[in-house]
Amino acid sequence: MDKLLEVLQEIRPDVDFVNNKKLIDNGVLDSLNILEIVSELCDTFDIEISPADIIPANFNSAEAMLAMIERLK
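Model, not experiment: these values are computed from the prediction. (Residues numbered from 1 in each chain as written. Predicted model: local features only at pLDDT ≥ 70, side-chain atom pairs only at ≥ 80, totals over all residues. Heavy atoms only, no water.)

What follows deals with the nonpolar core. Formed by 23 residues in total, the largest nonpolar core has its most connected members in Leu-4, Ile-37, Leu-41, Phe-59 and Met-65. Here this core gets 6 residues from one element, more than from any other, and that element is helix H2 (residues 31-45). Those residues within four positions of Phe-59 in sequence are excluded, and the remaining contacts are Leu-23, Ile-24, Leu-29, Ile-34, Ile-37, Val-38, Leu-41, Asp-53, Ile-54, Met-65 and Met-68. (Core = buried A, V, L, I, M, F, W, Y, C linked by side-chain atoms within 4.5 Å. Buried < 20%, exposed > 50% of the residue type's maximum accessible area, 1.4 Å probe, protein only. Helix = DSSP H or I, 4+ residues; strand = E, 2+ residues; numbered from the N terminus. Contact = heavy atoms within 4.5 Å.)

Listed below in structure tokens is the structure:
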């Protein structure tokens, strides 16, 4: 989780990824943020995120992103 939070903080240092559980629902992250996050997660965790995986449920919280990463490894 620490590595994920580090990646997310680099992209959006103004966001509390630990406590915010509705990053998409509340409009905290926009589509450009998601594209940047997808790119960084693929590089950092050596995974491939398909277009089918780019859904709000996978990016609404750091926990959801971590679950997706673990599933794709």
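Next comes the rest of the write-up.
Let's shift gears to helix H1 (residues 2-11). Among the residues of H1, those classed as buried are Leu-4, Leu-5, Val-7, Leu-8 and Ile-11. What you see down the axis of H1 is that its buried residues fit within an arc of 160°, all on one side. Opposite its buried face, H1 presents the exposed residues Asp-2 and Glu-10, each directed more than 90 degrees away. Among the structural elements, H2 and helix H4 (62-72) are those in contact with the buried residues of H1. (Arc of directions from axis to C-beta.)

Attention now moves to the environment of Phe-17. With respect to the secondary-structure elements, Phe-17 resides in the loop between H1 and H2. The exposure class of Phe-17 is buried, given its relative accessible area of 1%. A C-alpha to C-alpha distance of 9.7 Å links Phe-17 and Asn-60, two positions 43 residues apart in sequence. Not counting the four nearest positions on each side in its chain, Phe-17 is found in contact with Leu-5, Leu-8, Gln-9, Arg-12, Leu-23, Leu-29 and Ala-62.

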